[in-house]
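Here's the letter readout for the chains.
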Amino acid sequence: MAPQLTPDQYAALGRDLDALRQRVLADLGEADRAYILDIVKIQRALEVAGRGLLFLGFLPPAWLAGVGALSLSKILDNMEIGHNVMHGQYDWMRDPALNSRMFEWDTVAPAENWKHSHNYVHHTYTNIIGKDRDIGYGVLRIDPAQKWNPYYLGNPVYAALLAVFFQWGVMLHDLEAEKLASGEKKWSETAAERRRMWHKGVKQVLKDYALFPALSGPLFLPTLLGNMTANLARNLWAFAIIFCGHFPAGVESFTEEETADETRGQWYYRQMLGSANITGSPLFHILSGNLSHQIEHHLFPDIPARRYPMIAPEVRAICAKYGLPYNTGGLAKQLGSVFGKIVRLALPDRLTRAWSGTVETDRARRAA
């Protein structure tokens, strides 16, 4: 349970974290440039190797190796390159290929749509019920503050489908289906988003499910299956990492009322309490796009993600200084708690009242 800080403590917390941010930004340079360029080279090499090996897909070992290489390529493109580049983490390099305004990633979600729903909406209103649409993605009940209705009995099924088709879920997320259903938003207002979705979706489907399979001639079906498997692997991995960083046990949500007139220190406080980390090896962190350091990412979304493991001990020390929790654990632990929450919150409130009551008590304490 996180303590409620005094106004002076919130101000001091803001100063501590602002100072850390400025120190890192002032230190950016050649090592950061070399790192991201090396990651791009590795990603491209894996894609070439993966697609090349699938041309030998009549040999099972070659097919498996091709799928593995292509999966890793798509994961790197999505997590360590695309997500981080589109946050503007490498705009300082003045490299058009790594500029947040120009970059487009290998997924059906158009970059322009995603940058609005993610960079602006999610990172501004992190874990504020009714404002942060990433809470449940408009599909799941993932927080007890979301009013239960019979639809949520299917929570586990919806979660499984979202994991399998995650890139499509992210793409459709920008339509704000819940607002369309309630009449708060008109279908005509989504014309620009739908146009971008159509162009990007068609391009991706033709590339992975028509062009490259056709180029493999008689191996059309093995190549098609290989591309589908690589996309599935990327979807499942991205879902697991993102959900473990946002929804495991101990992550707190907030109301619009308690975050009104929020100071810089209070914004940092919310980011810390609304995020969780995942422990793992250096390779694990790279493949997660360093979103295994979700706390650091939510604090400093525009700092190159390779810096998050370096500053994590200092962020943890700052949490300890103010008595704040630093939510971290292994992938199995965090993922298990996420799935437990998905199953538990599928049930009516009367069956989960004890847990919901604890959450409401925490909110009342913060608002006091």
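A brief report on the enclosed structure follows. Since this is a predicted model, take the numbers as computed values, not measurements. (Residues numbered from 1 in each chain as written. Predicted model: local features only at pLDDT ≥ 70, side-chain atom pairs only at ≥ 80, totals over all residues. Heavy atoms only, no water.)

### Let's talk about a nonpolar patch on the surface
A cluster of nonpolar side chains, Val 157, Leu 161, Val 164, Phe 165, Leu 232 and Leu 236, forms an exposed patch at the surface whose accessible area comes to about 490 Å². Elements with a minimum of two residues in the nonpolar patch: α5 (155-164) and α9 (220-246). Per-element tally for the nonpolar patch: the top contributor is α5, with 3 residues. Mapped onto the fold, Leu 161 is located in helix α5. (Patch = residues over 30% accessible without salt bridge, like charges linked within 9 Å, V, L, I, M, F, W, Y side chains within 5 Å. Areas by Shrake-Rupley, 256 points an atom, 1.4 Å probe, with all protein chains shown as cover. Salt bridge = Lys/Arg side-chain N within 4 Å of Asp/Glu carboxyl O. Helix = DSSP H or I, 4+ residues; strand = E, 2+ residues; numbered from the N terminus.)

### Here we look at the nonpolar core
Core analysis: the biggest nonpolar cluster contains 47 residues, and Phe 166 and Phe 243 have the highest contact counts within it. Counting residues per element, the ones that place at least two in this core are α2 (30-54), α3 (60-85), α4 (111-124), α5, α6 (166-173), α9, α11 (282-287) and α14 (331-344). Of all the elements, α9 adds the most residues to this core, at 8 residues. Each residue touching Phe 243, except ones within four places of it in the same chain, is listed here: Tyr 137, Leu 140, Leu 162, Phe 166, Pro 248 and Val 338. Counting residues in hydrophobic clusters, the runner-up holds 30 residues, among them Leu 13, Leu 20, Tyr 322 and Leu 324. (Core = buried A, V, L, I, M, F, W, Y, C linked by side-chain atoms within 4.5 Å. Buried < 20%, exposed > 50% of the residue type's maximum accessible area, 1.4 Å probe, protein only. Contact = heavy atoms within 4.5 Å.)

### Comments concerning the packing of aromatic side chains
Applying the stated criterion to the full structure yields 13 aromatic pairs. Between Tyr 151 and Tyr 158, the ring centres sit 4.5 Å apart and the planes meet at 20°, which makes this aromatic pair stacked. You can call Tyr 151 partly exposed: its relative accessible area is 37%. Given the relative accessible area of 21%, Tyr 158 is considered partly exposed. One Lys or Arg, Arg 51, reaches over the ring of Phe 212 and ends 4.0 Å from the middle of that ring. The ring of Tyr 125 carries Lys 131 above its face, with NZ or CZ at 4.5 Å from the centroid. (Phe/Tyr/Trp six-rings, centres within 6.5 Å; stacked < 30°, edge-to-face > 60°. Lys NZ or Arg CZ within 6 Å of the ring centre and 35° of its normal.)

### What to know about the side chain of Asn 113
With respect to the secondary-structure elements, Asn 113 resides in helix α4. Judged by its relative accessible area of 3%, Asn 113 falls in the buried class.

### Here's the deal with the pattern of salt bridges
Scanning the model with the defined rule gives 21 salt bridges in all. A salt bridge links Asp 32 to Arg 307, with the shortest nitrogen-to-oxygen separation between them at 2.9 Å. Taken as a pair, Asp 32 in helix α2 and Arg 307 in the loop between α12 (294-299) and α13 (308-321) lie far apart in primary sequence, 275 residues in all. What you see here is one network of salt bridges that share partners, running through Glu 47, Arg 51, Lys 74, Asp 106, Lys 207 and Asp 208.

### Brief notes about the environment of Leu 17
Position of Leu 17 relative to the elements: it lies in helix α1 (residues 7-27). A relative accessible area of 0% places Leu 17 in the buried class. Residues Leu 17 and Tyr 268 lie 251 residues apart in sequence; the distance between their C-alpha atoms is 7.9 Å.

### Brief notes about the environment of Ile 303
Tracing the sequence through the fold places Ile 303 in the loop between α12 and α13. The exposure class assigned to Ile 303 is buried, which follows from its relative accessible area of 0%. With 214 residues separating them in the primary sequence, Ile 303 and Gln 89 have C-alpha atoms 5.3 Å apart.

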